[in-house]
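Structural overview for review
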Amino acid sequence: MYCIERPGTLWNGLAPLPSGLTPECPTYSRAYRQEVRQGLARIEQYRLSGWQPKALLDPFKRAGYWQLNDPLPSNYSAFLSWESDVVQYLATREEGTTLIAISGRP
């Protein structure tokens, strides 16, 4: 998987990946996939059953990230910050599952 650099961990080693999550890589353009491979961008996606939009927030908060905004009502979107690092966390409902995408600079 081009987007999961360290399998079994969240956000490239921030924390162990909680059980029940299936890693996925988005089907973005070849150019974006190359940017991720070169370390110019980072994205991780995980799918889990049901509507669980906050499933991966606790590991980020335990690592020192804090939420910069209130979530939007239609999805769950948040910006998380720690030191100079800012991460976008987006959870969307897709046919009985939750797809969580985490993106930011490497």
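Residues numbered from 1 in each chain as written. Predicted model: local features only at pLDDT ≥ 70, side-chain atom pairs only at ≥ 80, totals over all residues. Heavy atoms only, no water.

**Looking at the sheet that holds strand 6 (residues 76–82)**
Read across the sheet, 6 strands follow the order 3-4-8-7-6-5 without closing on themselves; strand pairing throughout is antiparallel. Taken across any chain shown, the strands that pair with only one partner, and hence form the sheet edges, are strand 3 (22–24) and strand 5 (66–67). Relative to strand 6, strand 5 is paired through 2 bridges, and the arrangement is antiparallel. Of the residues in strand 6, the one forming a bridge with Trp-66 is Ser-81. (Pairing = 2+ DSSP bridges. Helix = DSSP H or I, 4+ residues; strand = E, 2+ residues; numbered from the N terminus.)

**Observations concerning the packing of aromatic side chains**
Counted according to the given criterion, the structure contains 5 aromatic pairs. On the numbers, 6.4 Å between centres and 55° between planes, the contact of Trp-11 with Phe-60 is tilted. Of the two residues, Trp-11 sits in the loop between strand 1 (9–10) and strand 2 (15–16) while Phe-60 sits in helix 2 (residues 57–62), which places them 49 residues apart along the sequence. The same class applies to Trp-11 and to Phe-60, which are both buried. Through a chain of ring-to-ring contacts, three or more aromatic side chains come together here, namely Trp-11, Phe-60, Tyr-65 and Trp-82. Here Arg-42 stacks its cationic end above the ring of Trp-11, 4.6 Å away from the centre of that ring. (Phe/Tyr/Trp six-rings, centres within 6.5 Å; stacked < 30°, edge-to-face > 60°. Buried < 20%, exposed > 50% of the residue type's maximum accessible area, 1.4 Å probe, protein only. Lys NZ or Arg CZ within 6 Å of the ring centre and 35° of its normal.)

**Considering the nonpolar core**
Residues Tyr-46, Leu-56, Phe-60, Tyr-89 and Ile-102 are the most contacted members of the largest nonpolar core, which totals 25 residues. Of all the elements in the fold, those that place two or more residues in this core are strand 4 (42–49), helix 2, strand 6, strand 7 (85–94) and strand 8 (97–104). Those residues in contact with Ile-102, other than ones at most four positions away along the chain, are Leu-10, Trp-11, Arg-42, Ile-43, Glu-44, Tyr-46, Leu-56, Phe-60, Val-87, Gln-88 and Tyr-89. (Core = buried A, V, L, I, M, F, W, Y, C linked by side-chain atoms within 4.5 Å. Contact = heavy atoms within 4.5 Å.)

**Some remarks on the state of the cysteines**
Going through the model one piece at a time under the given rule, you end up with 1 disulfide. One disulfide in the model links Cys-3 with Cys-25; its S-S distance is 2.2 Å. With the S-S bond torsion at -100°, the cross-link from Cys-3 to Cys-25 turns out left-handed. Of this pair, Cys-3 sits in the segment before strand 1 while Cys-25 sits in the loop between strand 3 and helix 1 (30–37), placing them 22 residues apart in sequence. Taking relative accessible area as the criterion, Cys-3 reaches 4% and is therefore assigned buried. (Disulfide = S-S within 2.5 Å.)

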